[in-house]
Structures are given as structure tokens and as C-alpha cells.
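Observations on chain architecture
This is what each chain is made of:
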Amino acid sequence: MREHKIALLPGDGIGPEVVSAALTVLDAAEKEFGFKTARQHYDIGATEYLNTGRLFHEFEDELRGYDAIFFGAMGDPRVAPGILERGIILEMRQRFDQAANVRPIRLYPGVPTPIADLNPERCELVIVRENTEGSYVAAGSSVHTGTKQETAMQESLNTYAGTRRVVEYAFKLANKRRKKLTLCHKTNVLVTAGKLWQRVVDEVAQEFPEVAVDYVHVDAMCFHLPLTPERFDVVVTDNLFGDIITDLGAVVQGGLGVATSANLNLDGSAPSMFEAIHGSAPDIAGQQLANPSAAILALALMLGHLGEGAAAAAIERATAAVIAKLPALAGKEMGLTTSEIGERIATKIADGSYAELELDNQLVQTLAEIRVGV
Ligand code: IPM
Ligand code: MG
């Protein structure tokens with residue numbers, strides 16, 4: 001039987017609750033689709049840091065041995081901002097060379113969106129965010145720190161190789177989808193990095209003659225993405241722009257309860273990591289008020305990536321069927337607890353009723369194909 005080695009990092013706040021709901025779904029998917037996972041929990045996060053000072057670095061060698069990493073959420077008011085983010089999430093993305101942060105923006109049927117007159121047919125795109133460079137490398141310096149003369153320089157690092165690999169991935173993805181790729185940047189102001197990005201896109205475009213290419217400035221993207229998402233198929237962008245526009249994308253698709261992501265290592269040299277876009281929401285932690293759908297969709301992306309495309313597609317459909325019936329996407333108004341949502345989705349997989357909902361599952365299939373190709 002196929003077996004996948006998974007590291008589970010539930011983390012802080014609502015992380016453990018949403019991961020536990022996702023594991024109920026994973027149990028059902030394993031039974032239904034004939035594969036197994038060997039799962040190992042790791043207590044990486046605020047409590048571990050406060051007790052022992054350990055961050056990602058201490059676990060790096062061990063985590064390297066897994067087929068994939070399933071991540072809950074990170075962040076805790078007891079720890080100063082930046083320590084867990086930089087010391088765990090960003091460190092993992094960089095050390096494991098998770099070059100592409102793939103964030104599908106999909107409006108599922110029946111999910112309320114704040115954008116008037118939007119429907120699921122018009123909103124199905126993927127944002128591919130460069131994940132290891134840009135402003136996130138923390139390059140910079142400050143002089144006269146703490147005085148009125150303080151001068152802070154914060155640089156953005158863009159390498160040809162780093163840009164090229166994520167742009168190639170985005171083209172491959174577009175080529176398997178609707179064959180349209182949009183570069184999102186600010187080439188009219190950030191001219192140095194902008195030139196590199198545009199040159200790489202032009203170069204790679206030669207290898208994908210069937211993919212139509214266009215360009216949108218990041219500020220204009222904030223205008224077009226909510227109003228005309230159908231304009232986009234695959235959007236490729238740098239680390240910081242990608243961070244910002246994917247939160248906007250999450251709003252368009254109905255909120256952080258459904259927004260999910262894959263952090264892909266593209267050359268097989270280290271595991272990829274799968275996580276909901278939401279944070280640890282400490283204000284509602286431990287109360288079963290969080291919507292686990294984003295984490296469950298991250299599970300679908302992980303299984304697609306591991307070559308379990310049928311299970312991935314079933315999980316996505318079952319999740320879509322359950323969230324279509326929720327009166328609200330988060331909090332008490334959801335009408336179901338975090339674990340009840342997981343159980344409903346698991347039941348749909350076990351009894352086969354997920355198949356009732358027709359969805360075009362291009363995304364999970366594409367991830368599976370690309371993984372097989374590396
Ligand atoms: C995200 C988050 C992270 C980021 C934070 C938590 C460091 O906002 O995954 O989008 O900025 O990348
Ligand atoms: Mg973000």
C-alpha cells in the first residue's frame with residue numbers, strides 16, 4: 001500500500017483544532033482511497049519556544065526526512081512579533097527552498113463574498129508568490145538607530161535563478177490550465193527588480209508559446225482582482241506583493257476560513273509545506289469557533305502533491321459541499337463546531353456523497369502532475 005510520511009506542526013492558537021479536524025478527514029480519505037500516512041506530531045510554536053527556546057532550526061534535520069509538512073498556525077501574544085514568523089515559517093520556506101507559494105483563489109458555490117454579483121464561474125485563479133527572496137530576506141541596516149536621525153534601509157533581493165524557477169513553475173501551471181499568465185509587479189517604480197522579473201517572464205514565455213502573457217501593476221491588481229477576477233488564470237508575483245494580494249484574494253473568495261496554500265519545493269531537495277493562509281487567531285482559540293475548511297483544503301493540496309489526486313479532488317468537493325450549507329464562514333454563526341465540520345466532510349468522503357458536487361478540480365490535479373514531473 002502507498003504510504004506517505006507526514007510531519008504535523010499544529011502550532012499555536014486555533015492551529016491544533018483545525019489540524020485535528022483535518023486529520024479526521026485524512027482518516028476517511030485513507031480508507032476510501034487505499035493509501036496510508038505515517039504521521040508524526042511536532043510541538044513547534046510559541047509554547048515550545050517559551051519553554052525551551054527552540055525554533056525551526058532545531059528541527060530542520062529531522063523534518064527534512066518527511067514527504068510533506070502539514071502546518072496549522074503560528075503566533076502568540078506572549079511572544080514578540082517577528083520571532084515565530086521569522087524563526088519558524090520564513091525560516092522553513094527558505095531552508096527547505098519552498099520556492100513557490102501557490103495560493104488558489106476560488107469562490108466555492110454558495111459561499112458569500114463581499115463582492116457584488118460575483119459567482120464561482122468568474123473566480124477561479126491561482127496566485128504564485130515567490131517565497132524565498134524579495135523583501136523577506138531581511139537584508140538591510142539602520143544607522144543612528146533610536147534617534148531622530150535614524151536611517152533605515154530595507155532591501156529587496158531578487159536573483160535570476162530565484163525568479164526563473166518560480167516563473168517557470170507558474171508557466172507550467174498556466175499551460176495546464178486556461179493558458180494565461182499575468183506578471184504582477186511595480187516595474188514603473190521598482191525599475192531594477194522590475195526589469196529582472198520582466199526579462200525572466202519574456203524569456204520563459206518563449207518556451208510556452210501557447211500561454212498568453214500580460215502584465216498588471218500591483219496597485220491596479222488591487223482594483224482588478226475584486227472586480228474582474230475572471231481576467232486572471234495564473235498570476236506570478238514577488239514575495240511581498242504576493243503576501244498582500246493574496247489577503248485581498250482571500251476576501252474575494254469569502255474570507256480566511258477558506259483561503260489555503262502550498263509552499264512548494266520544486267526540485268525535490270526538501271519537503272513542501274501546506275498551510276491555511278489564516279493566522280493563529282488567539283482570541284477564539286480552544287473554543288471550536290474556527291472554520292477548519294482552509295486547513296482541510298491545504299490537506300487536499302498536500303495529497304494532490306503526493307500523487308493522491310483522487311483523494312485530493314474528493315476532499316475539495318466534500319469541503320465545498322459542506323461550506324455551501326454553512327450560514328456563515330466563521331464563529332458561532334457557522335452553526336457547527338470546528339470538529340463537526342471536519343466530521344461532516346469526512347462523512348461525505350466515506351459515503352461517496354462528495355461526488356454530487358461537480359467542481360472542476362484542475363488545481364489539485366495540476367499539483368499532482370507537477371510533483372510527479374520533478
Ligand atoms: C503569509 C503570512 C506570513 C507572510 C507571515 C505570518 C510571516 O502573512 O503566509 O501570508 O508574511 O508570508
Ligand atoms: Mg500574509
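First, a word on scope: everything that follows refers to the structure included in this document. Please read these numbers as outputs of a predicted model, since none were measured by experiment. (Residues numbered from 1 in each chain as written. Chains lettered and ligands numbered in written order. Predicted model: local features only at pLDDT ≥ 70, side-chain atom pairs only at ≥ 80, totals over all residues. Heavy atoms only, no water.)

1. Here's the deal with the sheet that holds strand β9 (residues 212–217)
Across the sheet, ten strands lie side by side as β2-β1-β3-β12-β11-β4-β5-β10-β8-β9; this open sheet has mixed pairing. Two strands bound the open sheet, and with one partner strand each, they are β2 (35–41) and β9. Across the sheet, the mean angle from the axis of one strand to that of its neighbour is 25°, orientation sign disregarded. Relative to strand β5 (residues 124–130), strand β4 (residues 100–106) runs antiparallel, the two sharing seven bridges. Counterpart to Asn101 in the pairing with β5 is Arg129. (Pairing = 2+ DSSP bridges. Helix = DSSP H or I, 4+ residues; strand = E, 2+ residues; numbered from the N terminus. Axes fitted to C-alpha atoms, helices over the stretch in contact; angles between N-to-C directions.)

2. A closer look at the pattern of salt bridges
One pass over the structure, following the stated rule, counts 24 salt bridges. Linking Asp27 and Arg39 is a salt bridge whose minimum nitrogen-to-oxygen distance equals 2.7 Å. Of this pair, Asp27 sits in helix α1 (residues 15–33) while Arg39 is found in strand β2, placing the two residues twelve residues apart along the sequence. Members of the salt-bridge network, linked through shared partners, are Arg106, Glu124, Arg177, Arg178, Asp233 and Glu316. (Salt bridge = Lys/Arg side-chain N within 4 Å of Asp/Glu carboxyl O.)

3. A look at the nonpolar core
Phe70, Val128 and Tyr169 are the most contacted members of the largest nonpolar core, which has 97 residues in total. Look past the residues within four positions of Phe70 in its chain and what remains in contact with it is Ile6, Ala7, Leu8, Leu9, Val19, Ala22, Phe274, Ala295, Ala298, Leu299 and Met302. Of all hydrophobic cores here, the second largest spans 21 residues; its members include Tyr42, Leu55, Tyr66 and Val79. (Core = buried A, V, L, I, M, F, W, Y, C linked by side-chain atoms within 4.5 Å. Buried < 20%, exposed > 50% of the residue type's maximum accessible area, 1.4 Å probe, protein only. Contact = heavy atoms within 4.5 Å.)

4. Considering the side chain of Glu316
Considering the arrangement of structural elements, one finds Glu316 in helix α10 (residues 309–323). For Glu316, a relative accessible area of 5% corresponds to the buried category. Among all residues touching Glu316, those that are not within four sequence positions of it are Arg106, Tyr108, Leu297, Ala300, Leu359, Asn361 and Val364.

5. Focus: the site of ligand 1
Residues in close proximity to ligand 1 include Glu85, Arg93, Arg103, Arg129, Tyr136 and Asp243, which together make up its full environment. The contact in question runs from an oxygen atom of ligand 1 to an N or O atom on the side chain of Arg103, over 2.8 Å. For ligand 1, whose free accessible area comes to 320 Å², the fraction covered by protein is 77%. Partitioned by chemical class, the residues of the shell around ligand 1 number one nonpolar, no polar and five charged. (Near = heavy atom within 4 Å. Polar contact = N/O pair within 3.5 Å; in protein donor to acceptor, adjacent residues only side chain to side chain. Areas by Shrake-Rupley, 256 points an atom, 1.4 Å probe, with all protein chains shown as cover. Nonpolar A, V, L, I, M, F, W, Y, C, P; charged D, E, K, R; others polar.)

6. Quick look at the pairing of strand β8 (residues 180–185)
For β8, the buried fraction is high: five of the six residues fall into the buried class. Across six bridges, β8 lies against β9 in parallel orientation. Residue Cys184 lies in a different strand from β9, and its bridge partner there is Val216.

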